[in-house]
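Each chain, letter by letter, is given below.
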Amino acid sequence: MILSFIDWNPDPTIFELFGFPVRWYGLCFAMAFLAGFQVLSFIFKKEGRPIEQADHLLIYAMMATVIGARVGHYFFYEFPLLQADPIRFFTQMIIPPYSGLASHGAGIGLFTAFYLYTKKYPGQSYLYVTDRVVPTVALGGFFIRMGNLMNSEIVGKPTDLPWGFKFYRDTEFNSMGNAEVLARHPSQLYEALSCLLLFFIVMWFWSKKKEKTQEGLITGWFMIALFALRFFYEFFKENQSEFENYMTLNMGQILSIPAMLFGVAVLLYAKKNPAP
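Procedures and definitions
Residues numbered from 1 in each chain as written. Predicted model: local features only at pLDDT ≥ 70, side-chain atom pairs only at ≥ 80, totals over all residues. Heavy atoms only, no water. UniProt positions renumbered as here; feature names shortened; annotations may be inferred. Disulfide = S-S within 2.5 Å. Buried < 20%, exposed > 50% of the residue type's maximum accessible area, 1.4 Å probe, protein only. Helix = DSSP H or I, 4+ residues; strand = E, 2+ residues; numbered from the N terminus. Contact = heavy atoms within 4.5 Å. Salt bridge = Lys/Arg side-chain N within 4 Å of Asp/Glu carboxyl O. Core = buried A, V, L, I, M, F, W, Y, C linked by side-chain atoms within 4.5 Å. Expected span 1.5 Å × (residues − 1). Pairing = 2+ DSSP bridges.

- Labelled according to an unreviewed UniProt entry, the protein appears under the name Phosphatidylglycerol--prolipoprotein diacylglyceryl transferase, originating from Aquirufa salirivi.
- Its UniProt record gives the protein the following Sequence similarities (unreviewed entry) comment, quoted word for word: "Belongs to the Lgt family."
- What UniProt states about the protein under its Pathway (unreviewed entry) heading is, verbatim, "Protein modification; lipoprotein biosynthesis (diacylglyceryl transfer)."

Set out below in structure tokens:
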């Protein structure tokens, strides 16, 4: 028997601890940093760098991810609110609950944090650091998108493909009752699996080619691949804000273009410099 759809109705809350809910998204968010730290520590250890530097880099990355993702979400997806009510815009952006996070904003925050990190540890070039961090970014992307899946958020457009998910807990696009829930592309799963594949590819490349690779080569190819995939997957996703319905390309696609161009620029720069 071939499945015509997949019922998806997990409770976002795993359990309660002393009255506080422990949620799948929070667990996945924590796993993103924990797994990323393990990978980064492994890389630093293999290259003879102090593990303490991985600790400090993780702190920079954590702060940059949360701040960048939050600010990015509001400036990219809630900009009409800024025009209508600036006080409410900044109040909602700062005060919990933090329900809106933008991956493009997190990316901007991370690349800013890496610059600050290299200023504290001048023995490492900027592109050397980014080349070692991008595997953890890919792994983090996997966990974050799995968190979105468990939350039944950032859902895809309706589909009749056999792996379509019926997101029963989606309250944004499921307004007709459970009897009328449409099967949708599991766009979160598409991105999660792509990030996991990119993680293994980058780690393989680093393990085999790190001694003969120009600084920035891994970063450049990663940025191009990651955001080209993001651009493509946006065609299968529902828009996150109403104003995107009137745009040829949605905000995720528009923001992916400069990210890909940044990757191309880094790649060209790397090609001009010999490997160490």
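Read on, since the account is not over.
### Things to note about the state of the cysteines
Alright, step 1. Per the stated rule, a full pass over the model turns up zero disulfides.
Alright, step 2. Here Cys28 is not disulfide-linked; the sulfur of Cys195 is the nearest cysteine sulfur, at 13 Å.
Alright, step 3. Among the residues examined, Cys28 registers a relative accessible area of 11% and is labelled buried.
Alright, step 4. Residue Cys195 is classed as buried on the basis of its relative accessible area of 8%.

### Considering the UniProt feature "binding site: a 1,2-diacyl-sn-glycero-3-phospho-(1'-sn-glycerol)" (unreviewed entry) in the protein
Alright, step 1. The UniProt record marks Arg145 with the feature "binding site: a 1,2-diacyl-sn-glycero-3-phospho-(1'-sn-glycerol)" (unreviewed entry), using the residue numbering of this structure.
Alright, step 2. Tracing the chain through its elements places Arg145 in helix α6 (residues 126-150).
Alright, step 3. Overall, the relative accessible area of 10% leaves Arg145 in the buried class.
Alright, step 4. Residues contacting Arg145, with those up to four places away along its chain left out, are Ser103, Ile154, Gln188, Glu191, Ala192, Arg230 and Lys237.

### Considering the pattern of salt bridges
Side chains bearing opposite charge may pair, as long as their charged atoms lie close to each other.
Alright, step 1. The tally for this structure, following the rule as stated, stands at six salt bridges.
Alright, step 2. In this structure, Lys237 engages Glu234 in a salt bridge whose closest nitrogen and oxygen atoms are separated by 2.8 Å. For the pair formed by Lys237 and Glu234, the shared burial category is buried.

### With respect to the nonpolar core
Alright, step 1. With 44 residues, the main nonpolar core has Phe44, Leu57, Phe114, Val129 and Phe222 as its most contacted residues.
Alright, step 2. Contributions of two or more residues to this core are made by α1 (24-46), α2 (51-77), α5 (103-120), α6, α7 (187-209), α8 (217-233) and α9 (251-272).
Alright, step 3. Top contributing element to this core by residue count: α1, with ten residues.
Alright, step 4. Once residues lying within four places of it in the same chain are set aside, the contact partners of Phe222 are Val134, Val137, Ala138, Leu198 and Val202.

### With respect to α5
Alright, step 1. Given a rise of 1.5 Å per residue, 18 residues ought to cover 26 Å, and the 26 Å separating the end C-alpha atoms of α5 matches this to within 8%.
Alright, step 2. Residues of α5 that are buried include every one of His104, Gly105, Ala106, Gly107, Gly109, Leu110, Phe111, Ala113, Phe114, Tyr117 and Thr118, and no others.

### Regarding the pairing of strand β2 (residues 13-17)
Alright, step 1. Pairing of β2 with strand β3 (residues 20-23) involves four bridges; the strand directions are antiparallel. Residue pairing in the sheet places Phe15 in a bridge with Val22 of β3.
Alright, step 2. Counted along the chain from β2 to the antiparallel partner β3, the turn is two residues long, and its residue Phe18 has a positive phi close to 55 degrees.

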